[in-house]
Amino acid sequence: MTKAIRITEKVTPGVLRERNTRLVLQTVLIGDGLSRADISRTTGLARAVVSEIVESLLARHLLVEEAGTPSGRGKPAKPLRVDTERQCLLMADLRPTEVVAGVVGLDGVIGTTGRADLPPNPSVDDVIRVLGDCLRRLAAEDGRAVLAAGIAVPAMLSPEQGIVESIQFRWHDVDLAGPLQADLGYDVVLVNDATAVAMSELSHQSQAGGSVIVLHIAGGIGSAIILDGRVHLGERQRAGEVGHIDVGVSDRRCECGRTGCLETVANLPAILAGAAVEDLDAISSPGQEPAGKRLRALADRVEYAGRSLGALICVQAAILDIPDVVIDGPVRRAGTRLLDAIEQELARRLPAVDVRRPRFSTMADHSKMYGAAAAAMLHELGVLWHRSPSRAEN
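Residues numbered from 1 in each chain as written. Predicted model: local features only at pLDDT ≥ 70, side-chain atom pairs only at ≥ 80, totals over all residues. Heavy atoms only, no water.

Right, let's get into the sheet that holds strand 7 (residues 156-157). Strand order in the open sheet formed by three strands is 7-8-9, with antiparallel pairing between adjacent strands. Both edges of this open sheet fall to strand 7 and strand 9 (171-174), since each of them pairs with a single strand only. By the bridge criterion, two bridges tie strand 7 to strand 8 (residues 163-166) in an arrangement that is antiparallel. Residue pairing in the sheet places Met156 in a bridge with Glu165 of strand 8. (Pairing = 2+ DSSP bridges. Helix = DSSP H or I, 4+ residues; strand = E, 2+ residues; numbered from the N terminus.)

Here you go:
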C-alpha cells in the first residue's frame, strides 16, 4: 500500500509534486474526458502546473489526450483519458487448490482471466512456479506492458509484505512477493484476501468516504474495515483477523489449537461438513423446505453460521458505527438463507435503527483478485478507481 504522508514531514517540492500528480491522475480516473482546464478548475491547481503534470503522465503512457471537438471560438478542449493501450495490471486470487488470475486495464476494465491448478499441499516453490507461469501466460496473451501485479492471499501479512502465517497453506514466515518479483521483473503487491474484497468495494464507491465492514468466508474467516474511504489495516496490518476469536458461539476444538473459534462453526468447511458447495444452491431460499435430511441439516448449519456471524458483526457495527456489511466468499451460494440469519441476529442484539440488511460483494467471484489489482494500482500510482467497470469474462 502507498505510505500515508505524515503531517510532521517537511513538505518538499518533490512531495508536493507527487501529491499533485496523484491528484491530477485521480481526477482523470473519476472524471469523464476532462480537459486540462477542467482539471485546473476541479483541483484548484494552476493551469501551468496541471499542464506540466499532464505532459509527464503522457510521457509515462498513463494518460492519452484526444483530439478536441470544435465548438465556437478558440481552440477545442482536448479530453484526457487513462491510457488503456500501453500498460496493464495483473491480478490473482491465490486459493489452497488453485490460482485464479486475470488482466485489468488502467481504467479498471477486466480483460482475459484464467485458472491454474496447484498440486496437493503446495509448497511455496509450487505456488511461485504455478503463479508465475500463469501470470506470464496472461501477460503474453494480452501484449501490454505490465505495471505491477496484485495477489490476494489467505494469510496474515507483515508491513514488509512477508507472509507471517497462512493456516490454510500451513505457512509461517514466508517470502512470496520477493521471489515472484525477481522472477517476473515487476512489482508484486500482496494483500490479505478480506482486505482485497474491501479494496474491491472501495473501488466501486461512486464517491470516496464511505465505511464498510467486510467478511470473507471460505476456508477461513477474515474481516476488513473501510473507515471514511480508507481500508484500516492496523499498526501491524492485522486488523480484521476475526476467525480465531471466541464470540461465545462454539465449544469446538479448532485446528489452531484453541477452543471456541468462530471458524469452527462459520467457515465453509464447518458449514458444509462434507456436503458439496453446490448443495448450498438447493437451500439458499428460506421460504422452501429443503428436501431430505442431509439438506435440512445443511440449512440448519447455514442458519447457525449466520447467527454466529451476526454475533460478531453486531460488536463490529456497534463499536465502529458502520451499518453497511458485505459478505464474500463461496458462502454467497447460501443466498437469502444466510443473509436472513445474519439480519435476524443483528435485530435481536442491536437497536432497530442500527440494523441494515447485509449484502453480498459487488464483484462476486472476481472480488478478491480485482481488489488485489486495486491495491497494486494504489501502490504504484497512488490512485484508485471509483466507479463500476464493465467486465469481460472468459
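This part covers the pattern of salt bridges. As enumerated under the stated definition, the model contains 26 salt bridges in all. Glu65 is paired through a salt bridge with Arg36; the nearest N and O atoms lie 2.9 Å apart. Placement of the pair is Glu65 in strand 1 (residues 63-65) and Arg36 in helix 2 (residues 36-43), with a sequence separation of 29 residues. For Glu65, a relative accessible area of 27% puts it in the partly exposed group. Here Asp93 makes a salt bridge to Lys368, at a shortest N to O gap of 3.1 Å. Of the two residues, Asp93 sits in strand 3 (residues 87-94) while Lys368 sits in helix 11 (residues 367-381), which places them 275 residues apart along the sequence. When salt bridges that share partners are traced, they join Asp93, Arg95, Glu98, Arg115 and Lys368 into one network. (Salt bridge = Lys/Arg side-chain N within 4 Å of Asp/Glu carboxyl O. Buried < 20%, exposed > 50% of the residue type's maximum accessible area, 1.4 Å probe, protein only.)

So, about helix 2. An α-helical turn contains 3.6 residues, so a residue and the one three or four places further along point in the same direction. Those residues of helix 2 that sit buried are Arg36, Ala37, Ile39, Ser40 and Thr43. Burial along helix 2 is one-sided: seen end-on, the buried residues are contained in an arc of 160 degrees. Exposed positions of helix 2 whose direction lies more than 90 degrees from the buried face are Arg41 and Thr42. Among the structural elements, helix 1 (13-30), helix 3 (47-59), strand 1 and strand 2 (80-82) are those in contact with the buried residues of helix 2. Phi turns positive one or two residues past the end of helix 2, at Gly44, with a value near 85 degrees. (Arc of directions from axis to C-beta. Contact = heavy atoms within 4.5 Å.)

Per the stated rule, a full pass over the model turns up zero disulfides. Sulfur of Cys134: no disulfide; nearest cysteine sulfur belongs to Cys88 and is 13 Å away. Assessed through its relative accessible area of 1%, Cys134 is described here as buried. With no disulfide of its own, Cys314 lies 18 Å from the sulfur of Cys261, the closest cysteine sulfur. Classification of Cys314 as buried rests on a relative accessible area of 8%. (Disulfide = S-S within 2.5 Å.)

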